[in-house]
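As a plain string of letters, each chain reads:
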Amino acid sequence: MARGIGAIDAVQTALPDVLAVLIAVVTQFGDVAVFVPALTLVLWFGDRDRGAALVGVALGGVGLVLIAKQALAFARPPTNPPIPIEDVPAVVRSFYEAEVTADGYGFPSGHATAATVVWGSLAWWLDASTRPRRVAVAAGLVVLVAFSRVALGVHYVVDVVAGIGLGLAYLLAVAWIRNRDEGDERRFLWLAVGLTAVGGLLQGGTDGWLAVGAALGATVGWYATDAPIQPW
């Protein structure tokens, strides 16, 4: 499948070299290293049931990405960082190298999907500020993450567009389930267990089993701990 149409080169040409490492930082807003702590804070310092639902929705999105990647099996672009790894300062070189040498399948973009699911669900369900402002912030983060994946050379434009589309479709399905039956929000934790289990079986690697472990851990942890019912 021809997915590139020269877009990566065009984005990287327009990107000043000095911003390359900053782009590698921005892309973390679509990574589990950022959104899992964010969702944990919501779980512990916000409404417990809502937090459980958000964690479940996020991890279910991870499982959905694993399933889609394995089902389609489209390769990533050839390694093509915006600036050569050896030109990056030594203090951040290993971090930068990890971000521009991603492995695994490339379609759809997992970062773009995760950013859409996590920040989109937070914008829809949280109570801070107003919903239009929350949606605007979430949309901005999603666009930045999507741009960063192309700028780093680890995804084609169509990969990130497909990731955003998959994330939005998944959120619509979640909203339909939630509105159809206003019940126990823990069902989204069990949905995450199911989706990650299928994705883990298909992927058969470390990432897949880590996703399954995270979903099981979140579900067991919810039942086993006494997180506050009301916000702290």
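Quick caveat, the model's predicted, so the values are computed rather than measured.

Engineer: Help me out: how do you make sense of the overall build of the protein in this one?
Structural biologist: The helix and strand inventory of the protein stands at 10 helices and 0 strands. Secondary structure elements of the protein, listed N to C terminal, follow the sequence α-α-α-α-α-α-α-α-α-α. Of all 232 residues assigned to the protein, the portion counted as buried reaches 46%. Put simply, of all contacts in the protein between residues at least 6 apart along the chain, 79% involve residues at least 24 apart. Surface accessibility of the protein: about 11400 Å² in total, with carbon and sulfur atoms responsible for 68%.

Engineer: Mind showing me how you'd approach a nonpolar patch on the surface here?
Structural biologist: Taken together, the side chains of L19, L22 and V25 present a nonpolar region at the surface, about 230 Å² in accessible area. The class for L19 is partly exposed, based on a relative accessible area of 33%.

Engineer: Help me understand helix α9 (residues 187-203) in this model?
Structural biologist: Note: α-helices contain 3.6 residues per turn, so residues at a spacing of three or four share the same orientation. Over its 17 residues, α9 extends 24 Å from the first C-alpha to the last, a length consistent with the 24 Å expected when each residue adds 1.5 Å. Looking at the buried side of α9, the elements it contacts are α4 (48-72), α6 (110-125), α8 (157-180) and α10 (206-224). Backbone geometry just after α9 places G204 at a positive phi near 65°.

Engineer: How should the nonpolar core be read in this particular structure?
Structural biologist: If you look at soluble globular proteins, the nonpolar side chains tend to sit buried side by side. With 32 residues, the main nonpolar core has L39, V57, V118, W119, L122 and W125 as its most contacted residues. Where this core is concerned, the elements lending two or more residues are α3 (32-45), α4, α6, α7 (131-151), α8, α9 and α10. The biggest single contributor to this core is α6, with 8 residues. Counting 11 residues, the second-largest nonpolar core is a separate cluster that includes I23, I83, I85 and V100.

Engineer: Teacher, can you tell me more about the environment of D31 here?
Structural biologist: For D31, the position within the fold is in the loop between α2 (20-26) and α3. Along the sequence, D31 and A115 sit 84 residues apart, while their C-alpha atoms lie 7.7 Å from each other. Within the structure, D31 has its side chain in polar contact with the side chain of H111 (distance 3.4 Å).

Engineer: Please explain the packing of α4 against α8 as it appears in this structure.
Structural biologist: Any two packed helices are characterised by how steeply their axes cross, that is the angle between the axes, and by the distance between the axes. As a packed pair, α4 and α8 sit with axes 11 Å apart at the nearest point and diverge in direction by 130°. In terms of axis orientation, α4 runs oblique to α8. Between α4 and α8 lies a crossing whose hand is right-handed. Within the contact between the two elements, α4 uses G56, V57, G60, G61, L64 and A68 and α8 uses L166, Y170, L171 and V174. Within the contact of α4 with α8, the residues separate by chemical class into 7 nonpolar, 3 polar and no charged.

Engineer: Teacher, can you tell me more about α6 here?
Structural biologist: For α6, which comprises 16 residues, the first-to-last C-alpha distance of 22 Å matches the rise-based estimate of 22 Å (1.5 Å per residue) to within 8%. Burial analysis of α6 places 14 of its 16 residues in the buried class, the great majority of the element.

Engineer: When you look at unusual backbone geometry in this model, what are you seeing that I'm missing?
Structural biologist: For residues besides glycine, phi is generally negative; the peptide bonds are generally trans as well. The omega angle of the peptide bond from F107 to P108 is -5°, so this bond is cis rather than trans. Relative to the helices and strands, P108 is located in the loop between α5 (90-100) and α6. For A73, which is not a glycine, the phi torsion comes out positive at approximately 55°. You can call A73 partly exposed: its relative accessible area is 36%.

About the thresholds
- Residues numbered from 1 in each chain as written.
- Predicted model: local features only at pLDDT ≥ 70, side-chain atom pairs only at ≥ 80, totals over all residues.
- Heavy atoms only, no water.
- Helix = DSSP H or I, 4+ residues; strand = E, 2+ residues; numbered from the N terminus.
- Buried < 20%, exposed > 50% of the residue type's maximum accessible area, 1.4 Å probe, protein only.
- Contact = heavy atoms within 4.5 Å.
- Areas by Shrake-Rupley, 256 points an atom, 1.4 Å probe, with all protein chains shown as cover.
- Patch = residues over 30% accessible without salt bridge, like charges linked within 9 Å, V, L, I, M, F, W, Y side chains within 5 Å.
- Salt bridge = Lys/Arg side-chain N within 4 Å of Asp/Glu carboxyl O.
- Expected span 1.5 Å × (residues − 1).
- Core = buried A, V, L, I, M, F, W, Y, C linked by side-chain atoms within 4.5 Å.
- Polar contact = N/O pair within 3.5 Å; in protein donor to acceptor, adjacent residues only side chain to side chain.
- Axes fitted to C-alpha atoms, helices over the stretch in contact; angles between N-to-C directions.
- Parallel < 35°, antiparallel > 145°, perpendicular 65-115°, else oblique.
- Left-handed = near helix turned anticlockwise from the far one by under 90°.
- Nonpolar A, V, L, I, M, F, W, Y, C, P; charged D, E, K, R; others polar.

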